[in-house]
Amino acid sequence: MVWNIAGNNAAGTAIFYKKPIRIFGSQHYCHAYHKYAVSSAPIFSPEGKLIGGLTIIGYHFGAHPHTLGIAIAAAQAIENELRSQKALDAVNTTSNNQKTVISNIPEAIITIDSQDYISFMNGHAKKMFHVSTPSLEGMHLKDVLGAINQHFLEIIDHNESISDMELRIYTRSGSGDFTLTCNPIISPDGSFTGKIIFLSGIKRARTLVTKMIGAKAKFHFEDIYGQHPAFLKTLE
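None of these values were measured; they are calculated from a predicted model.

Participant: Would you mind showing me how to read the pattern of salt bridges here?
Facilitator: Where charged atoms from two side chains of opposite charge approach closely, those side chains can pair. Evaluated as defined, the whole model comprises 2 salt bridges. Residue Glu47 is joined to Lys86 by a salt bridge in which the shortest nitrogen-to-oxygen separation is 2.7 Å. On the criterion of sequence distance, the pair formed by Glu47 in the loop between β2 (36-44) and β3 (50-59) and Lys86 in helix α3 (residues 67-103) is long-range, its members being 39 residues apart. The class for Glu47 is exposed, based on a relative accessible area of 56%. The partner of Arg168 in a salt bridge is Asp177, and the shortest N-O contact between them spans 2.8 Å. Arg168 sits in the partly exposed class, given a relative accessible area of 44%.

Participant: Any chance you could explain the sheet that holds strand β1 (residues 21-24) here in plain terms?
Facilitator: Strands belonging to one sheet form pairs held by backbone hydrogen bonds; the direction of such a pair is parallel or antiparallel. Taken in spatial order, the 3 strands line up as β1-β2-β3 in an open sheet, and their pairing is antiparallel. Of all the strands in the sheet, just β1 and β3 have a single pairing partner and so form its edges. Averaged over all pairs of adjacent strands, the angle between their axes in this sheet comes to 15°, without regard to strand direction. Across the sheet, helix α2 (residues 10-17) touches β1, β2 and β3, and the angle it forms with β2 is around 30°. Sheet contacts for α3: β1, β2 and β3; angle to β2, the most-contacted strand, approximately 20°.

Participant: Before we go on, may I ask you to explain the nonpolar core in this structure?
Facilitator: Grouped together as the largest cluster of nonpolar side chains are 25 residues, with contacts concentrated most on Phe152, Leu180, Ile197 and Leu199. Counting residues per element, this core draws most heavily on helix α6 (residues 150-158), which supplies 4 residues. Residues within four places of Phe152 in sequence aside, it is in contact with Leu145, Leu167, Ile169, Leu180, Ile197 and Leu199. Grouped together as the second largest cluster of nonpolar side chains are 5 residues, Ala41, Leu54, Ala71 and Ala75 included.

Participant: Sorry, what's going on with the sheet that holds strand β7 (residues 174-186) here?
Facilitator: With antiparallel pairing, the 5 strands of this open sheet are ordered in space as β5-β4-β8-β7-β6. Whereas interior strands pair on both sides, the edge strands pair on one side only; in this sheet they are β5 (118-121) and β6 (162-171). Going across the sheet, the axis of each strand differs from the next one's by a mean of 25°, ignoring polarity. Pairing analysis gives 3 bridges linking strand β4 (residues 108-113) to β5, with the strands arranged antiparallel. Bridged to Ile110 within β5 is Met121.

About the criteria used
- Residues numbered from 1 in each chain as written.
- Predicted model: local features only at pLDDT ≥ 70, side-chain atom pairs only at ≥ 80, totals over all residues.
- Heavy atoms only, no water.
- Salt bridge = Lys/Arg side-chain N within 4 Å of Asp/Glu carboxyl O.
- Helix = DSSP H or I, 4+ residues; strand = E, 2+ residues; numbered from the N terminus.
- Buried < 20%, exposed > 50% of the residue type's maximum accessible area, 1.4 Å probe, protein only.
- Pairing = 2+ DSSP bridges.
- Axes fitted to C-alpha atoms, helices over the stretch in contact; angles between N-to-C directions.
- Contact = heavy atoms within 4.5 Å.
- Core = buried A, V, L, I, M, F, W, Y, C linked by side-chain atoms within 4.5 Å.

Right, dumping it as structure tokens:
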């Protein structure tokens, strides 16, 4: 039922003028449609482009005066759903980008809520603590790190902010020295909601510093002189 073929009709006219319209009985161009009352409303994309329309058709003798309003409301509901879907897609894209960025940060990153329950742990942190569970959300930090890291847990609990504190972390593969940075997570209304923890291996940091400043050994074993047998054996 197109406007320029079937003449005046609600579906085609609503699309042509991009406005809601109701056409009743003999207002239709074609005599075959004179027994109908038709209400139509255009549907627009989130960008404002006309993408279709919605039409409600019924016999004119039983037509309800609010039918046009229903058509408009239904069309707007579709538009709202399209906008919601677009916003959700944008959020998912942003979330995926953030996860990609975080996964490529070489430091171990852990976020916890105000009760020390884990809300996020990146791949490097999972690898450090030998965690194979796909999802750690909702687990307590102590249950993941173990009682052997009680000192670390106490530091997190008793300090609001920590910057580059050196400490030792124990894992299944042994122990390692790390620098700890911990900052509070504040919600938009100013309330404390948790903490974000960064752990960076000291060995890696020293390697980076060495590369940056170009430090190289100035002395080698062959530069060392001595006569004591024990000393010579050590050099070997």
